Structure formats: C-alpha cells, structure tokens
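Take a look at the letters that make up each chain.
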Amino acid sequence: MLRALVALSVLLVGSGCLFLETRENFSGDLKVAWTLGGTTDCAQVGVDEVVVTITRVEGSGNNVGPTGLPCADGQVSVEDLREGEYRLTLQGVRKLSEDEAVVLFEDDENFVILGGGTTDLGTLDLRRVVNTPGELRVDWTFQQVDADPTPACDVAGVDNVRIIMVDDAGQTVFDDVTDCLNGPTGIADIAPGNYLVTLEGMGTYNDLDVTYYRASNVAVTIQSDTITDLGVVQLNVLTDNFGDLDVNWTLEGRTCQTAGVTRVTVRIYRLGRTSPEDSFEADCVDGHALRTTFLPGDWRTVVEAVGNEGGTTVNWSGQLEHNVAPGQVSVYTVTMRPI
C-alpha cells in the first residue's frame, strides 16, 4: 500500500488559490485544473484532497507544497512564481488521518513561468497509480423453507458457504469456501473496482457436496483502503436440488369409509427434530398428498386420524422414517393402526 504523509502548513489556502508571501520582480502565475481518471466525481473514486507540489527544476526559486486542497475545488491558481522552469505534481489522496493519506491518483507536468504572465496548463487527468486494496464484508441468511423466516445454518442444512467474486472483465478473482457459522466474514486485499458476488449455501447428502441455496451476481463496488459492507444477503432455495414427498396413507384392515374417518392429519419432521417442518390436513379418501421442497436427508412422517365405528371413537396413528433425495420425488406409504 502506498501512503503519503501530507503536510498542510506550507501555504495559505483560500478559494482554490495558493498565495506566496512576497512578490518578486519577473514573477508570474500558474493555473491548472484536474480530473481523476476521466471523472470529476471525487466521491466516486474515493479522493478527498488533491495535494499540490511545485518544485523548481534548476536554480533558486519558489518551491511550493505539498499542500492539500479539497478535491471538489477542481482547480487551483498559484501566484507569484519567479520566472523559470518548474515541475508540478498533483496527487489525489484519500485521507486516513490528519497527517496521513493514501495516494490513489497522480500526474506530473513540467511548465515555464514568464514574468508578468499566467501559465495555464488546462485540465490534467490524474492517472490511478496504485490499486490500493479494499475489503469486502458479507453475511448471509437463507430463504424460508419452514416456519423459521431466517433459518440458521443448521436449520437450513448448510455446512459451508462458497463465495465467488468476478470482476468487470469476467475474471474470477476470488473463489473460496468458508464455514457457514463464520458469517459475517471479510475478504481482504481486493483491488478497487466493480464486482459481481455469488454466494452458495452447501450441504452434504450421502457424503456428497450439494448446493442447496444461491444468491447470484450481487453487484458491489470495492473502494481503496475501505471496508465495503454488503450486508446480509439472502440465499434462495435451489428447488432442483431439494426433494419432494408423495405421502400415501392407509388404515390397517379398514378403508376410510368402514373406519368412519373423514380427515387425516399429516406432520413431517426432519429426523432428530421435535417441531414439524410441514403439517397439514387432507381428506382421508384422497389417499395421498404431494408436498414439495424438502431438504435432502432423513425424515419422519406421522399420520393421524379419528374414526367412528358403530358409535365408538377410534384413534388411528402411524409413522415412518424415510429418505429424501436431491431432485427426486420420494414415494412412501404410512400405515395407521388403532391406538
């Protein structure tokens, strides 16, 4: 990282003009304006000040600066320079503290002062001299797939988050995986510029990595020596990598009509969890229901009903553990028995 210590006490500064304390015979003035990589938008390129330094090329004479001026002034006039040849240096800087700055843009120009005249250098376009790196900070959550509106990593079934950054030229500049629990996380040493960020939430199924969630092409601009916070990004469900359930039910030794059952209640649990991730009622005679978007892995389905046989109330219940595979419809049958 290139840093410049900026002294601000050499000259009096006012309204974009630098005034020397005395006026000598055979002196002249300098006028110059600036742009930064073709733009006058100082904030866009992260420049706070333009530091002006004037050095006599040979012989005795005025040396000016370094003196910092507000970048937004866009120009400066320097009066009462003795006749002679000078070198002008303009540096566009981001202030880090009162005494320290990072040089982002720079240009040098030789010029000659003639007595009684004004040397107008027009507009100098300062070139970016160093891509002082910045940092990206990002956190994540996952699209609601159950009762939790912002599911945590374990609820979402995500072990790791993959972060991919692509620059304006389409080149991948960062591609790495971090533990899901590490959010928010920071990525350092990124060159200033515009990027597209993709986040992927990854889990495992039968020891294979599966991408369950994704947020694609989130635009971000990285500035020099700055932490850019992308905030909390929601990763959306990749339905093709989730599974669907075709839940079937029967009553042992009975039909819905003979058991006097009109409705069934179905609850579907992730194995090891006590709260269902899906719960619904259906007409018993339907015999099945298709439910969509389940995280691959092991599940348990409970089906219950209340019947009436000859005026006697009979409770029915059944459950089954089963597996959900990515991108497939799992078909299974739960048999209810009287309890």
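Residues numbered from 1 in each chain as written. Predicted model: local features only at pLDDT ≥ 70, side-chain atom pairs only at ≥ 80, totals over all residues. Heavy atoms only, no water.

1. Re the overall build of the chain
Here is the rule: We count a stretch as a helix when DSSP gives it H or I for four or more residues in a row; a strand needs E for two or more, and each element gets its number in order from the N terminus. Only protein chains enter the calculation, and the probe is 1.4 Å; a residue is then buried if its accessible area is under 20% of its type maximum, exposed if over 50%, and partly exposed in between. Contact criterion: two residues are considered in contact whenever any of their non-hydrogen atoms come within 4.5 Å of each other.
When helices and strands are counted, the chain shows 3 helices and 24 strands. Across the 339 residues of the chain, 44% fall into the buried class. Restricting the contact set of the chain to residue pairs at least 6 apart, pairs at least 24 apart contribute 66%.

2. Focus: the sheet that holds strand E13 (residues 172–179)
Test applied: At least two bridges found by DSSP between two strands are what make those strands a pair. A fitted line through C-alpha atoms serves as each axis, taken over the contacting stretch for helices, and the angle formed by two N-to-C directions is quoted from 0 to 180°.
Spatial strand order, E13-E12-E15-E16-E17-E11-E14: 7 strands in an open sheet with mixed pairing. At either margin of the open sheet sits one strand with a lone partner, and together these are E13 and strand E14 (185–190). Neighbour-to-neighbour, the strand axes of the sheet open up by a mean angle of 25 degrees, direction not taken into account. Here strand E12 (residues 160–167) runs beside E13; their pairing, made up of 7 bridges, is antiparallel. Bridge pairing in E13 links Val-161 to Thr-178.

3. Remarks on the state of the cysteines
The cut-off we apply is this: Note on terminology: pairs of cysteine sulfur atoms within 2.5 Å are recorded as disulfides.
This structure, assessed with the given rule, holds 3 disulfides. Between the sulfur atoms of Cys-42 and its disulfide partner Cys-71 the distance amounts to 2.0 Å. Looking along the S-S bond of the Cys-42-Cys-71 disulfide, the torsion reads about -80 degrees, which is the left-handed sense. Of the two residues, Cys-42 is situated in helix H1 (residues 42–45) and Cys-71 in the loop between strand E6 (64–70) and strand E7 (75–82); the sequence distance between them amounts to 29 residues.

4. Looking at the sheet that holds strand E24 (residues 329–338)
With mixed pairing, the 7 strands of this open sheet are ordered in space as E20-E19-E22-E23-E24-E18-E21. Where the open sheet ends on each side, the last strands, each with one partner, are strand E20 (278–283) and strand E21 (288–294). Averaged over neighbouring strand pairs, the angle between their axes works out to 25 degrees when direction is ignored. Pairing between strand E22 (residues 297–309) and strand E23 (residues 312–324): 13 bridges, direction antiparallel. What sits directly across from Val-306, in E23, is Asn-315.

5. Describing the side chain of Glu-277
Note the threshold: Polar contacts, as counted here, are pairs of nitrogen or oxygen atoms within 3.5 Å of one another; within protein the pair requires one atom able to donate a hydrogen and one able to accept it, and residues that are adjacent in sequence qualify only if both atoms are side-chain atoms.
Within the fold, Glu-277 resides in the loop between strand E19 (263–270) and E20. Exposure remark for Glu-277: the relative accessible area of 17% places this residue in the buried category. Side-chain polar atoms of Glu-277 contact the side chain of Arg-270, separated by 3.4 Å.

6. Here's the deal with the pairing of strand E18 (residues 243–251)
In terms of burial, E18 is largely enclosed, as 7 of its 9 residues are buried. In this sheet, E21 lies alongside E18 in antiparallel orientation, the contact comprising 5 bridges. Bridge assignment links Asp-246 to a residue of E21, and that residue is Leu-290. Sheet topology note: the E18/E24 ladder contains 8 bridges and is parallel. Residue pairing in the sheet places Leu-251 in a bridge with Met-336 of E24.

7. Looking at the pattern of salt bridges
What counts here: Only one rule defines a salt bridge in this text: a Lys or Arg side-chain nitrogen within 4 Å of an Asp or Glu carboxyl oxygen.
Applying the stated criterion across every chain yields a total of 12 salt bridges. Between Arg-254 and Glu-309 there is a salt bridge whose closest N-O contact spans 3.2 Å. Here Glu-309 lies in strand E22 and Arg-254 lies in the loop between E18 and helix H3 (256–259), a separation of 55 residues in the sequence. With relative accessibility at 39%, the residue Arg-254 sits in the partly exposed group. Overall, Glu-309 belongs to the partly exposed group, its relative accessible area being 24%. Linking Asp-283 and Arg-263 is a salt bridge whose minimum nitrogen-to-oxygen distance equals 2.6 Å. Here the residue Asp-283 occupies a position in strand E20, and Arg-263 occupies one in strand E19, the gap between them amounting to 20 residues. When its relative accessible area of 34% is taken as the criterion, Asp-283 is described as partly exposed. Here the salt bridges share partners, and the residues they tie into one network are Arg-162, Asp-175, Glu-200 and Arg-214.

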